[in-house]
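Survey of secondary and tertiary structure
Below, each chain spelled out in residue letters.
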Amino acid sequence: MDKKTSTRKSPEFCSLRYGLALIMHFSNFTMITQRVSLSIAIIAMVNSTQQPGLFNNSTERPLAFTFNHSNRTIKEFNTAEVSVYEWSPETQGIIFSSINYGIILTLIPSGYLAGIFGAKQMLGAGLLVSSLLTLFTPLTADFGVILVIVIRTVQGMAQGMAWTGQFTIWAKWAPPLERSKLTSIAGSGAAFGSFIILCVGGLISQALGWPFIFYIFGSIGCVCCFLWFTVIYDDPLHHPCISIREKEHIVSSLAQQSSSPRRSVPIKSMVRCLPLWAIFTGFFSHFWLCTIIITYLPTYISSVLRVNIRDSGVLSSLPFIAAASCTILGGQLADFLLSRNLLRLITVRKLFSSLGLLLPSLCAVALPFVASSYTTTIILLILIPGTSNLCDSGFIINTLDVAPRYASFLMGISRGFGLIAGIISSTATGFLISQDSVSGWRNVFFLAAAVNMFGLVFYLTFGQAEIQHWAKERTLTRL
């Protein structure tokens, strides 16, 4: 009787682990809005120095949204009551990129430390620091651009801590047959946050002034911190509110995994592990195309379709809501296939990896040939990030399968590969389109498709879903 009780599946969407996924969704939502806030506000922060005397309260000029390194909004706002700054485009680029360097600095060490000291404290501290720095950004801007760059770099380090340590929690909370659903619910917060900030950021700046973008989303982050430290625990065994049935369900489903703390990381074994390199290659390929779409989507619409993007803020945000929807639906479908024993775990991982790399590549290759059709081009641009996020049920969470003990550490390395791919692809895209617009865009998309195909073939060849020997409890490999 006890055995039946321990293996009985607890109700899913009324369970604590799904509440944890929603809190993590809210956390990811908060971090991405804080990351993009400066990109939205900077137009109002510098617009009086860019074209003095050429606009008033109702004037607009065609600027484009981008995600990381470019101006994010195309509305011109009334800046009579707030500060404006003489920041050149080159200076703005340094400010935008500084948060990425901060993230890179902490990806690997934060994942390792979260596994030792507990992810709750690491993630909560990162979210709190990021929220406080967001609140103080308008004040720091008055003290000079150097301080803004420092603040953004530290904020990137804080967010790197919060992004990476999530997988340490899921290694202890997510039953194997529910990992895709739980991680997709949590991860979709980033896409949904991008959608919201693009839609309402300009309105906030226009109605209240650009500092309120930071005040509102920084305050939301502080509320999220309170929920985080109140609701989140590192593992189900120590949570005071979890039901006995759910606790037994999670513990029994993770019985074959190691939960003991480790004092060393088997670096040599990891370097020689081809399944890990398959995951890293998948991340590199996935981030290559995604970064191009995120960064250059408005530029492509404006230059190729000749559309004034200042009147299409919602249009620019549609790919992100599509990405959020596909992330959640993909997770549901992946775990349905696993729970019904329709496909093996490795088959599911490779299936969704294939869909997430192949489908957007086909859309990207088709884009140069349908440039004359506005509707078809917009549909393809929406499908690229949407289908790309099917990878979230593929190699994105594969580290939980092959090395759950080191999932957070390996996620840091994986995201590092992705960030490097984003930096290279952004630079290469700028170079290609500067040579010739028509052939440049065609080469950009063909190159992205080729990178995706390389990553897909490598992952299909070497990807695995079994726990690696060096990741098991009995293995304590030295550094």
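On a predicted model such as this, the values are computed, not experimentally measured, just so you know.

Here is what the cut-offs are and how they apply
- Residues take numbers from 1 onward in each chain, read along the sequence in its written order.
- Totals for whole chains, interfaces and linings use all residues, but because this is a predicted model, local features are given only for residues with pLDDT of at least 70 and pairs of side-chain atoms are given and counted only at 80 or more.
- As a rule here, side-chain values cover all heavy atoms of the structure and leave hydrogens and water aside.
- A run of H or I in DSSP counts as a helix once it spans at least four residues, and a run of E counts as a strand once it spans at least two, with each numbered from the N terminus.
- Only protein chains enter the calculation, and the probe is 1.4 Å; a residue is then buried if its accessible area is under 20% of its type maximum, exposed if over 50%, and partly exposed in between.
- Should any heavy atoms of two residues lie within 4.5 Å, those residues are considered in contact.
- One side-chain nitrogen of Lys or Arg within 4 Å of one carboxyl oxygen of Asp or Glu is enough to make a salt bridge.
- Every angle, taken between N-to-C directions, lies between 0 and 180 degrees, and every axis is a line fitted to C-alpha atoms, over only the stretch in contact when it is a helix.
- Between 65 and 115 degrees an angle is taken as roughly perpendicular, under 35 as roughly parallel, over 145 as roughly antiparallel, and anywhere else as oblique.
- To estimate how far a helix should reach, multiply one less than its number of residues by 1.5 Å.
- Among buried residues, the Ala, Val, Leu, Ile, Met, Phe, Trp, Tyr and Cys ones that are joined through side-chain atoms within 4.5 Å form a nonpolar core.
- Residue-level confidence of the predictor, termed pLDDT, takes values from 0 up to 100.
- By convention, a stacked pair of Phe, Tyr or Trp rings (six-membered ring in the case of Trp) has centres within 6.5 Å and planes under 30 degrees apart, an edge-to-face pair has planes over 60 apart, and any other such pair is tilted.
- We call a charge positioned above a ring when the Lys NZ or Arg CZ atom is no farther than 6 Å from the ring centre and deviates by at most 35 degrees from the ring normal.

Here's the deal with the environment of Ile-169
Considering the arrangement of structural elements, one finds Ile-169 in helix α6 (residues 166-173). Judged by relative accessible area, Ile-169 falls into the buried class, the value being 0%. For the pair Ile-169 and Leu-123, spaced 46 residues apart in sequence, the C-alpha separation works out to 9.9 Å. With near-sequence residues (within four places) excluded, Ile-169 lies in contact with Leu-20, Met-24, Ala-119, Lys-120, Leu-123, Trp-228 and Ile-232.

With respect to the pattern of salt bridges
Oppositely charged side chains may form a pair once their charged atoms are brought near each other. Considering all chains together, one arrives at three salt bridges under this definition. Put simply, Arg-349 and Asp-401 hold a salt bridge, and the shortest N to O gap is 2.6 Å. Taken together, the positions of Arg-349 in helix α13 (residues 345-366) and Asp-401 in helix α15 (residues 399-402) put the pair 52 residues apart, joining distant regions of the chain. By relative accessible area, Arg-349 is classed as buried at 0%.

Let's talk about the packing of helix α16 (residues 407-435) against helix α17 (residues 437-462)
Running from N to C, α16 and α17 point in directions that differ by 150°, and their axes come no closer than 6 Å. Our classification of the angle between α16 and α17 gives roughly antiparallel. Every residue of α17 that contacts α16 at Thr-429, Leu-432 and Ile-433 is listed here: Ser-437, Gly-440, Trp-441, Asn-443 and Val-444.

Some words on α17
Its 26 residues give α17 an end-to-end C-alpha distance of 38 Å, which sits within 8% of 38 Å, the value for a rise of 1.5 Å per residue. Turning to α17, its buried residues are Gly-440, Trp-441, Val-444, Phe-445, Ala-448, Ala-449, Val-451, Asn-452, Gly-455, Leu-456 and Tyr-459.

Some details on the side chain of Ser-184
As for its placement among the helices and strands, Ser-184 is situated in helix α7 (residues 179-208). For Ser-184, the contacting residues outside a window of four places in its chain are Thr-327, Ile-328 and Gly-331.

What to know about the nonpolar core
Most often, soluble globular proteins have nonpolar side chains that are buried together. Formed by 73 residues in total, the largest nonpolar core has its most connected members in Ile-169, Trp-170, Leu-276, Leu-410 and Trp-470. Among the elements that take part in this core, helix α11 (residues 274-304) stands out by supplying 14 residues, more than any other. With 33 residues, the next largest nonpolar core counts Leu-38, Ala-41, Ile-149 and Trp-163 among its residues.

Remarks on the confidence of the model for the protein
In the predicted model, the protein carries a mean pLDDT of 79, and 82% of its residues have values of at least 70. Mean pLDDT in the protein bottoms out at helix α1 (residues 2-7), which sits at 40, and peaks at α13, which reaches 95. For the stretch residues 48-80, pLDDT sits under 50, and the model shows 101 contacts to residues farther than four places along the chain or on other chains.

Some points on the packing of aromatic side chains
One pass over the full model with this rule turns up 19 aromatic pairs. Ring geometry for Trp-210 and Phe-214: centres 6.1 Å apart, planes at 90°, overall edge-to-face. Take Trp-210 and Phe-214: they sit in the same class, and that class is buried. Where Phe-212 meets Tyr-215, the ring centres are 5.5 Å apart and the plane angle is 80°; that geometry is what we call edge-to-face. On the criterion of helical spacing, the pair formed by Phe-212 and Tyr-215 is a turn pair, its members being three residues apart in helix α8 (residues 211-231). Tyr-215 gets classed as partly exposed once you look at its relative accessible area, which sits at 35%. The rings of Phe-26, Phe-29, Phe-192 and Phe-195 are connected pair by pair, giving a single aromatic cluster. Seen from the ring of Tyr-233, Lys-120 lies directly overhead, with NZ or CZ sitting 4.3 Å from the centre.

Remarks on unusual backbone geometry
At Asn-341, a residue that is not glycine, the phi angle is positive and equals roughly 55°. Relative to the helices and strands, Asn-341 is located in the loop between α12 (313-339) and α13.

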